[in-house]
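Each chain, written out:
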Amino acid sequence: MDIGVISVRYARALLKGSCDAKIENKVYCEMQALAKSYIDVPQLRFTIDNPMLSKINKEKILVAAVGGSPCELTRSFFRLVLKEGRESVIQFMANSYITLYRKKKNIIRGKLTTAVAVSPIAEQKLRQMVEDKTNGAVEFETEINNDIIGGFILEYDTYRMDASVKSKLKNILSQLKV
């Protein structure tokens, strides 16, 4: 069984169905919540894979994992996956849906790492700069990391701009060693 092929096929079907129903944004949020639930609660995978648990209870758990009130398409999707016995790859289906959705909507993931919290205005300016360069929307994640001392590290797509004090000090140190 090829998990990648299976998960992408199911994700494509879900994306097509959600686009036809014009609820792809809602399903995207639900699949993000499901993927996050699998990361946050490692026992979820073992529970869903448990053959002793009924499909009805598995569906209830999956519904709870997406926030408790998914759209009818997501519920139908869960039922189909459970009926076909593919619940062991539902986490991969959710991640595949997220990837396909981002590709379709031209959404790029970006990450901004700073030593201290940045103002919303500064974050918005950096987001706008990335959107202008990529001609797409950006899902921005911010992280505070005291280890970089100051400055920032901006990452998106395959691009990385390291303007941190830590990297500058490393460069100076390496030049002094030569």
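Residues numbered from 1 in each chain as written. Predicted model: local features only at pLDDT ≥ 70, side-chain atom pairs only at ≥ 80, totals over all residues. Heavy atoms only, no water.

Student: How would you explain the side chain of E87 if you had to name every residue and give the values?
Tutor: Relative to the elements of secondary structure, E87 occurs in the loop between helix 5 (72–83) and helix 6 (90–105). A relative accessible area of 10% means that E87 is categorised as buried. Separated by 2.9 Å, the side chains of E87 and K58 make a polar contact. If sequence neighbours within four positions are ignored, E87 has contacts with Y38, I48, D49, K55, K58, V81 and L82. (Helix = DSSP H or I, 4+ residues; strand = E, 2+ residues; numbered from the N terminus. Buried < 20%, exposed > 50% of the residue type's maximum accessible area, 1.4 Å probe, protein only. Polar contact = N/O pair within 3.5 Å; in protein donor to acceptor, adjacent residues only side chain to side chain. Contact = heavy atoms within 4.5 Å.)

Student: Which residues make up the sheet that holds strand 2 (residues 137–144), and what values go with them?
Tutor: Taken in spatial order, the 4 strands make up an open sheet running 2-1-3-4, and their pairing is mixed. Looking along the sheet, the strands with just one partner apiece sit at the ends: strand 2 and strand 4 (159–164). Pairs of neighbouring strands in the sheet enclose a mean axial angle of 15°, with direction left out of account. As paired strands, strand 1 (residues 107–114) and strand 2 are joined by 8 bridges and run parallel to one another. Its bridge partner lying in strand 2, T114 is registered against I144. (Pairing = 2+ DSSP bridges. Axes fitted to C-alpha atoms, helices over the stretch in contact; angles between N-to-C directions.)

Student: With reference to specific residues and values, describe the environment of M93.
Tutor: Residue position: M93 is located in helix 6. In this structure, the C-alpha to C-alpha distance between M93 and A64, residues 29 residues apart in sequence, is 17 Å. If sequence neighbours within four positions are ignored, M93 has contacts with I6, S7, Y10, A11, F77, V81 and R86.

Functional significance is not addressed by these values, which are geometric in nature.
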